[in-house]
Amino acid sequence: MSADLFSRRTRWQALTRQGSTPALRVALLASYTVDPLVPYLGLGLHDTGLPATLAVGPFQQVVQQCLATDGFLAEARPDVLVVAQRLEEAGDPGPAGDAWAAELLAGAEAAVTAARRHGALLVYVLPAVPASRPYGPADAMHADGVTASATAVRQRLRDRLAGDPWVLLVDADEAVRAVGDERAYHPALFRFAKVPYTEEVFARLGDTAAALVAAGFGASCRALVLDGDGLTGVAHLLPALRELRELRAAGVRVALRATGADWWSSADATDLLAVLDGWVTDERPLADQLAEIADELDVAPAQLVLAGTGPAQTPPRHVPLGPDPALWSDELRAAGLTDRLPARRWTGATSQPAVAPTELSLDDFVAGLDVHVDYRPVAADSVAEVAEVVARAHDFALAPAPPAAALAERAADLLAIRVRDRLGDYGTSGLVALDRTVDRWTVDVFSLSCPVLGKGVEAAVLREVTRRAGAAGAGEVLVRWSDTGRNGTARRFLSELDGVAPADPRVRLRAAPTSDHNPTPSSATASTPPTATAVRR
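Per chain, residues are indexed from 1 in the order of the written sequence. Given that this is a predicted model, residues contribute local features only at a pLDDT of at least 70 and side-chain atom pairs are listed and counted only at 80 or more, while totals for whole chains, interfaces and linings are drawn from all residues. Each side-chain value is worked out from all heavy atoms of the structure, with water and hydrogens disregarded.

A. Region of interest: the overall build of the protein. The number of helices and strands found in the protein is 19 helices and 16 strands. Only protein chains enter the calculation, and the probe is 1.4 Å; a residue is then buried if its accessible area is under 20% of its type maximum, exposed if over 50%, and partly exposed in between. Taking all 537 residues of the protein together, 50% fall into the buried category. Long-range contacts, defined as pairs at least 24 residues apart, comprise 71% of the intrachain contacts of the protein with a sequence gap of at least 6. Note on areas: Shrake-Rupley, 1.4 Å probe, and residue coverage restricted to the protein chains presented here. For the protein, the exposed surface amounts to about 23900 Å²; the carbon and sulfur share of it is 53%. Put simply, DSSP marks the helices as runs of H or I at least four residues long and the strands as runs of E at least two long, and each gets a number from the N terminus on. The contact criterion used is simple: two residues touch if any of their non-hydrogen atoms lie within 4.5 Å.

B. Molecular detail of the sheet that holds strand β8 (residues 278-282). A pair of strands is labelled paired if DSSP reports no fewer than 2 bridges between them. Spatially, the five strands line up as an open sheet ordered β8-β7-β6-β9-β10, and their pairing is parallel. Strand pairing shows two members of the sheet lacking a second neighbour, β8 and β10 (317-320), which therefore form its edges. This sheet shows a mean twist of 20 degrees between the axes of neighbouring strands, independent of strand direction. Relative to β8, strand β7 (residues 253-259) is paired through five bridges, and the arrangement is parallel. Residue pairing across strands places arginine 257 opposite valine 280, the latter belonging to β8. An axis is simply a line fitted to the C-alpha atoms; with a helix, the fit covers only the stretch in contact. Between two such axes, the angle follows the N-to-C directions and lies from 0 to 180 degrees.

C. Molecular detail of the packing of helix α5 (residues 98-118) against helix α6 (residues 146-161). At a minimum axis separation of 9 Å, α5 and α6 run at an interaxial angle of 25 degrees. By the criterion of interaxial angle, the relationship of α5 to α6 is roughly parallel. As α5 packs across α6, the resulting crossing turns out to be right-handed. On the side of α5, the interface is formed by Asp98, Trp100, Ala101, Leu104, Leu105, Ala108, Glu109 and Val112, while α6 contributes Val146, Ser149, Ala150, Val153, Arg156, Leu157, Arg160 and Leu161. Convention used here: angles under 35 degrees read as roughly parallel, angles over 145 as roughly antiparallel, angles from 65 to 115 as roughly perpendicular, and any remaining angle as oblique. Left-handed describes a crossing in which the near helix is turned anticlockwise from the far one by less than a right angle; the clockwise case is right-handed.

D. Up close: the side chain of glutamine 60. Relative to the helices and strands, glutamine 60 resides in the loop between β2 (52-56) and α3 (62-67). Taking relative accessible area as the criterion, glutamine 60 reaches 17% and is therefore assigned buried. If we ignore the near neighbours within four places in the chain, the residues touching glutamine 60 are Ala30, Ser31, Tyr32, Glu89, Tyr426 and Pro451.

E. Here's a closer look at helix α18 (residues 457-471). In a helix, the anticipated span is given by 1.5 Å times the number of residues less one. In this model α18 runs 21 Å from its N-terminal to its C-terminal C-alpha over 15 residues, within 8% of the 21 Å that 1.5 Å per residue would give. For α18, the tally of buried residues reaches twelve of 15 residues, placing the bulk of the element in the interior. Turning to α18, its buried residues are Val457, Glu458, Ala459, Ala460, Val461, Leu462, Arg463, Glu464, Val465, Thr466, Ala469 and Gly470.

F. Just the nonpolar core, in detail. Counting residues in each nonpolar core, the largest one holds 71 residues, and the members touching the most others are Leu81 and Phe446. With sequence-adjacent residues up to four places away left out, phenylalanine 446 is seen in contact with Phe396, Ala397, Leu398, Ile417, Leu431, Val432, Glu458, Val461 and Leu462. Think of a nonpolar core as a cluster: buried Ala, Val, Leu, Ile, Met, Phe, Trp, Tyr and Cys residues, connected wherever their side-chain atoms sit within 4.5 Å. By size, the runner-up hydrophobic cluster in this structure holds 44 residues, among which are Leu15, Leu54, Ala128 and Ala203.

G. Representation of the confidence of the model for the protein. Within a predicted model, pLDDT stands for the predictor's per-residue confidence, ranging from 0 to 100. In this model, the protein carries an average pLDDT of 84, and 90% of its residues clear a pLDDT of 70 or more. Here residues 354-358 is modelled with pLDDT under 50, and outside its nearest four sequence neighbours on either side it reaches seven contacts, counting other chains as well. Per-residue pLDDT stays below 50 along residues 517-537; that stretch engages in 52 contacts with residues further than four places along the chain or on separate chains.

H. Here's a closer look at the pattern of salt bridges. Just to be clear on terms, a salt bridge is a Lys or Arg side-chain nitrogen sitting within 4 Å of an Asp or Glu carboxyl oxygen. According to the stated counting rule, one finds 37 salt bridges in the structure shown. Aspartate 229 serves as the salt-bridge partner of arginine 257, at 2.7 Å between the closest nitrogen and oxygen. Of this pair, arginine 257 sits in strand β7 while aspartate 229 sits in the loop between β6 (223-227) and α11 (241-249), and the two are 28 residues apart along the sequence. On the basis of relative accessible area, arginine 257 is assigned to the buried category, the value being 3%. Shared partners join several salt bridges into a network, and the residues in it are Arg410, Asp413, Arg436 and Asp444.

I. Summary view of the packing of helix α2 (residues 38-47) against helix α10 (residues 199-216). At a closest axis distance of 7 Å, the pairing of α2 and α10 adopts a crossing angle of 35 degrees. You can see that α2 and α10 cross each other, and the crossing is right-handed. Contact residues: Tyr40, Leu41, Gly44 and Leu45 in α2; Glu199, Phe202, Ala203, Gly206, Asp207, Ala209, Ala210 and Val213 in α10. By the convention adopted, Pro, Cys, Tyr, Trp, Phe, Met, Ile, Leu, Val and Ala count as nonpolar, Lys, Arg, Asp and Glu as charged, and the other residues, Gly among them, as polar. Considering only residue class, the contact of α2 with α10 consists of eight nonpolar, two polar and two charged.

Here you go:
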């Protein structure tokens, strides 16, 4: 990580500790671990005058979380919903990328549905073209190659979303190409934590998304303030006159501030005055000068941008100018001060939704995944593998993860969970630990990894446990849980166990907090018949 990115992350940590009042609530959902985006998006929003709280949902749960009427988004109540999907997590591309398109368009439709339900602005991250090339150098010659397939999918997503006035598009491919493939991807971190990109890519995505959101909420640059301190006089600004005129033509006001009234001692002041909407040159502090400029130009202080050769000021946003005045025009242009959202953002083709919003349902999506769940005992030499899964499972866990040594001592009680669906094989994805007596089986460890949540696996596992308990003659399965502060997904699921009918009608299934010694049954009783499940074992 570069010193600049480290400094930005450190500054974001300091801002979060201050606990300032947020102007926006932002929720992020992605097919991968998107947490590294938070500091850059949060800092970018803060610097545009839109301080925000940012909440990250479980990864690879885009459709499930967007279509659910409770859960993560219901708690986050977002003003802005950021959704990022990658083609690499969408399974086999299929002919001409049709399978990829079906997966990502379904996610995009679900995101639009969720954004409208919550009254949120949707920021959708167009997927980058994958770096892998199964056809090698000949990939560009194949109609179903990675390049052709990814290009077709990206265009269909753009056609579907770009014309929606409540959707903003960020292109991950632009960020990846700007950084370069060799520096953009982080294979080791992806294998360990499902983080596909380096900090440089996340920083670019965060900056772009923040700028778009600011434009969407009318918080983009409305006035450029030239910082005269550090300059010897008007002559230094003359090379930038052309760019200053272009800024004014684009609707950006231009003002100047400097310390000391004698700053104007130049015969060239007339040329500069022609492009200024106002100026303040006195001995007052910078903050007071900027407040007066904002008031005079009738803009919010956060919509001011300060440009100069001096150190950065926060707030407002600062555009550094280099030592060569001849380059200032290019530096001002590169700062994106004239970036605006067009009144009509898309004039290209418009694709029909992959699934009509009224037909898109969570049950249908899960049923179409063709999920399979397998179970196996845990041998002593494989405890470390399942212990790692348990340690990483935060959203769906009954309690804080027990150490590997504690699990090894009760290997005979452990049941590993393996999940696969039409998108791929997720391998060992969870663990159940069973404390078995003659009459009752108690589940005190039940952990699932994020990629398999919301696919019916949770209910399928408990049905399998009740089936085995019934076969062993036990009359009850009790699930013990505690609030870890992060396991809201598990707690919500366990509070609604009425929807999980035991596989064996002789077995009662219930859940209770670990502190509750006389829990009230919260689930199906012995008289409840089995129900159909979207998961096939």
